[in-house]
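Residue-level structure breakdown
One-letter residues, chain by chain:
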Amino acid sequence: MTNLLASLKCTDEVYLIVGASNVAALRINSILEAGAKPVLITNQPSEKFTKSIQDNIANGNLKYIEKEFENDDLSRLGRNEVDNIVDRVFVTLPISQYEVKKQIYQSCRRLRIPVNVSDSPEFCTFSLLSTFTSGDFQMGVSTLGKGCKLAARIKRELSHTLPSNIGTICNKIGDLRANIQEEDKLELEKLQSDIDSIGEHDDDAITTSKLNSLVEEFNMTKEQKKLQRTRWLSQIVEYFPLSTLADLSLEDLSVAYKEYNSIVKTQTEPKEPSQKKLKTTKKGSISLVGSGPGSISLLTLGALQEIHSADLILADKLVPQQVLDLIPKHRTKLFIARKFPGNAERAQKELLDMGLESLMKNEKVVRLKQGDPYIFGRGGEEFNFFADHGFTPSVLPGITSALAAPVLTNIPATHRDVADQVLICTGTGRRGALPNLPEFIKSRTTVFLMALHRVVDLIPKLIDDKNWDPNLPVAIIERASCPDQRIIRTTLSSVAQAIEACGSRPPGLLVTGYACEVIAKPNVNEKWVIEEGCASASNSLLEPFLQLAGTIEKDNLPGLQQQSLSVEQTA
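None of the values given here were measured: they were computed from a predicted structure.

1. Notes on the side chain of Ser134
Along the chain, Ser134 falls in strand S6 (residues 130-134). Of the polar contacts made by the side chain of Ser134, one reaches the backbone nitrogen of Gly167; its length is 3.3 Å. Apart from residues lying up to four places away in sequence, Ser134 is in contact with Ile166 and Gly167.

Okay, here's the thing in structure tokens:
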């Protein structure tokens, strides 16, 4: 059983430290940094203290009482507002004083005072995390008492993977969140007195199961309009690379929002992209490239070649950070599609116009798409748009998550005597309408893409209108092939309840059919079972090719496409 981790506000609380060891010095400094008031009780003379403790006593930061600990100290040294009971106790006595530690622990339990006893996890009601701090960003690591050194090592490893400006990112997003809430409150006061003011944690609520909930682009409710920019900010935080968040501004977030409002006022249907062909003597090139489900180990060599030879990359917001990290930043521009609830059509036009402008400058454009360009990726629409403007795209297939995700989660999409066919469907039609749903076929594995935000509407239609078995085994697969892949195995009738309880980790898909339990047997005692992580997420197989790409880039060659590589050569 895991512990409940929390970030505590400690300002002006009184914390009692029993014992003056080196650990006590560390605890005192942490307490002071948190804004609490430490009180040290020990029978050791102060000249034996570490210099840190002596300095804190001299500076008036630490109250020192030279005496043996007594139980009455717990209820007489605290704040008046809590009847003088101390707020927290840290025991840093040596291991030899086991019985004293035990007695203090029992006394604290009776008074419901949280207590931490060093080197005695059995006497701890809470433990401190090994923390990394940058500005207002804090990260903590706990090993549940298995070792401070191990926790510190893990913390160092994790902190080195974070952007160096993670504190700035935290502050930036916090400021944006506060500004959006304040501006929207003022707008509501002027225009919509019938809507409740925005709550402090509205955006927290939509980062769980409601993150991708349906928003009709040209027919939003007042509540959806109220949360529009808040919802977009939540999705930007979820999808965009961390490295770009520090440069995000309120104006960046508002531009598309304002453009959306101006469109809504003048039209109720999105305009189709202009079919007028452009006449230009310059000829850039464009490719529609599938980036696979997420892991770079599932990226094709062709996709890698295109990435390393592009002048401009127009990426889906679902393309993960590890793939974007392959882009040579010093010579390739990157733009991530700003497709958020309520502005998909406008964002698509923005993307197409940007690509066209770059092509007219004789540049190479790569439209980097999650999965495969032609599996619910609008690849056909984009092909026709650019072809109609004189630029015929080359198309590179990618491994679609619809086929990769089942493999990565031990679901054989076809299996003798169980499933003899596979169907890939969308859960969301144009403008958010439900698509034409298939009838139930027992021997079929059906994969629904873009469906998890519609399960409340989708599942009843399947069961009631299309005669699907409510007890059909299914799997919700999120972030397939990535290290934070998650699988929720359940039944068709429990999908909505499972998503509401577990929240959302987009992008995700729904696999349905009896093939779901061929290898992973159902747990009849649980409504759903959660599996975390992906054992196949290692990118080690691609390292030789990435090294090769780095060498070519360093040598200033035009791109990998000039190399005729064979498996034998690269080996």
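Next comes the rest of the write-up.
2. Describing the sheet that holds strand S14 (residues 444-449)
Pairing is mixed across the open sheet formed by six strands, whose spatial order is S13-S14-S17-S15-S16-S18. One side of each edge strand has no neighbouring strand; the edge strands of this open sheet are strand S13 (421-426) and strand S18 (529-532). On average, adjacent strands in this sheet sit at an angle of 20 degrees to one another, irrespective of strand direction. Direction of pairing for strand S16 (residues 486-491) relative to S18: antiparallel, over a ladder of four bridges. Within the sheet, the bridge partner assigned to Arg486 lies in S18 and is Glu532.

3. Digging into the sheet that holds strand S4 (residues 88-91)
Strand order in this open sheet of five strands is S3-S2-S1-S4-S5, and the pairing throughout is parallel. In the strand order of this sheet, the two ends are held by strand S3 (63-66) and strand S5 (115-117), each with one partner. Each strand axis lies, on average, 15 degrees off the axis of its neighbour in the sheet, ignoring direction. Pairing geometry for strand S1 (residues 14-18) and strand S2 (residues 37-42), over five bridges, is parallel. Note that in S2 the partner of Tyr15 across the bridge is Pro38.

4. A look at the pairing of strand S9 (residues 312-315)
In S9, alternate side chains face the same way, and those of Leu312 and Leu314 on one face and Ile313 and Ala315 on the other are all buried. Note that S9 and strand S10 (residues 333-336) share four bridges and pair parallel. Bridged to Ile313 within S10 is Leu334. Here S9 runs beside strand S11 (residues 364-369); their pairing, made up of four bridges, is parallel. Looking across to S11, one finds that Leu314 is bridged to Arg367.

5. Considerations on the packing of aromatic side chains
In this structure the tally under the stated criterion is nine aromatic pairs. An angle of 55 degrees between the planes, with centres 6.0 Å apart, marks the rings of Tyr15 and Phe90 as tilted. Highlighted residues: Tyr15 in strand S1 and Phe90 in strand S4, separated in sequence by 75 residues. Just as Tyr15 is buried, Phe90 falls in that class too. Pairing Phe440 with Trp468 gives two aromatic rings, centres 5.6 Å apart and planes at 50 degrees, and the pair type is tilted. Taken together, the positions of Phe440 in the loop between S13 and S14 and Trp468 in the loop between helix H16 (455-465) and strand S15 (473-478) put the pair 28 residues apart, joining distant regions of the chain. Residue Phe440 is classed as partly exposed on the basis of its relative accessible area of 24%. Linked through ring pairs, Tyr15, Phe90 and Phe126 together constitute an aromatic cluster. A cation sits over an aromatic face here: Lys442 above Tyr514, 6.0 Å from the ring centre.

6. Here we look at the packing of helix H1 (residues 22-33) against helix H2 (residues 51-58)
Two numbers describe how H1 lies on H2: the axes approach to 8 Å, and their chain directions differ by 40 degrees. Here H2 runs oblique to H1, going by the angle between their axes. Crossing geometry of H1 relative to H2 is assigned as left-handed. Across the interface between the two elements, Ala24, Ala25, Ile28, Asn29 and Leu32 from H1 touch Ser52, Ile53 and Asn56 from H2. Partitioned by chemical class, the residues of the contact of H1 with H2 number five nonpolar, three polar and no charged.

Reading guide: rules and limits
- Residues numbered from 1 in each chain as written.
- Predicted model: local features only at pLDDT ≥ 70, side-chain atom pairs only at ≥ 80, totals over all residues.
- Heavy atoms only, no water.
- Helix = DSSP H or I, 4+ residues; strand = E, 2+ residues; numbered from the N terminus.
- Polar contact = N/O pair within 3.5 Å; in protein donor to acceptor, adjacent residues only side chain to side chain.
- Contact = heavy atoms within 4.5 Å.
- Pairing = 2+ DSSP bridges.
- Axes fitted to C-alpha atoms, helices over the stretch in contact; angles between N-to-C directions.
- Buried < 20%, exposed > 50% of the residue type's maximum accessible area, 1.4 Å probe, protein only.
- Phe/Tyr/Trp six-rings, centres within 6.5 Å; stacked < 30°, edge-to-face > 60°.
- Lys NZ or Arg CZ within 6 Å of the ring centre and 35° of its normal.
- Parallel < 35°, antiparallel > 145°, perpendicular 65-115°, else oblique.
- Left-handed = near helix turned anticlockwise from the far one by under 90°.
- Nonpolar A, V, L, I, M, F, W, Y, C, P; charged D, E, K, R; others polar.

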